[in-house]
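Summary of structural features
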Amino acid sequence: MLGRLKWLADRLIEPLRTDDDLENFRLSIPEAQTTTVEGDIGWNKRPPATLQCPRCEHEIYQAGGMDPIDCPRCVAEFTRHEFPELELLTLHCPVCKDRMRHGRRHPNAFDVPEWATCRSCQYHWEFDHF
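This write-up is about the structure you can find in this document. (Residues numbered from 1 in each chain as written. Predicted model: local features only at pLDDT ≥ 70, side-chain atom pairs only at ≥ 80, totals over all residues. Heavy atoms only, no water.)

**Concerning helix α1 (residues 2–13)**
If you check α1, its first and last C-alpha atoms are 17 Å apart, about what 12 residues at 1.5 Å a residue would give, namely 16 Å. Judged by how many residues are buried, α1 sits mostly at the surface: 0 of 12 residues are covered. (Helix = DSSP H or I, 4+ residues; strand = E, 2+ residues; numbered from the N terminus. Expected span 1.5 Å × (residues − 1). Buried < 20%, exposed > 50% of the residue type's maximum accessible area, 1.4 Å probe, protein only.)

Next up, the structure:
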């Protein structure tokens, strides 16, 4: 009986393992209520974003939350503080480069995304607003 319980526990835990030593296994922050392999917290660790230029409607790639926002087509320049005023097209997963689902939990308090999750690799990012 004890052997069967151990076998069942191993079968349930196996999908959560990234390696035998669980060196790369991490739980995301409690507010997210998810189990992920990789994740970050804070605007300075925000995933890369694609924004729409308000002047020429070309896509602007911003590698990180602290980087300037420069349009490659019309050479428009925006500071990182102008991010909320620009249209966010997508956030890109820093692990697998796929598009991320993102959203705001407090739309009346913040004009920026507060979370993003990759559907492919389960990477999760949280905006640190505490």
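This is not the end of the story, as more comes after the structure.
**Considerations on the packing of aromatic side chains**
Counted by the stated rule, this structure contains 4 aromatic pairs. Look at Trp43 and Trp125: their rings are 6.1 Å apart centre to centre, the planes differ by 65°, and that puts the pair in the edge-to-face class. On the criterion of sequence distance, the pair formed by Trp43 in the loop between β3 (39–41) and β4 (49–52) and Trp125 in strand β11 (residues 124–126) is long-range, its members being 82 residues apart. Comparing Trp43 with Trp125 shows no difference in burial state: the two are buried. With 5.2 Å between their ring centres and 75° between their planes, Phe110 and Phe127 make a pair best called edge-to-face. (Phe/Tyr/Trp six-rings, centres within 6.5 Å; stacked < 30°, edge-to-face > 60°.)

**As for the pattern of salt bridges**
Counting across every chain of the model gives 2 salt bridges. Linking Glu126 and Arg105 is a salt bridge whose minimum nitrogen-to-oxygen distance equals 2.8 Å. Placement of Glu126 in strand β11 and of Arg105 in the loop between β9 (99–103) and β10 (115–118) is noted, with a sequence separation of 21 residues between them. The exposure class assigned to Arg105 is partly exposed, which follows from its relative accessible area of 37%. (Salt bridge = Lys/Arg side-chain N within 4 Å of Asp/Glu carboxyl O.)

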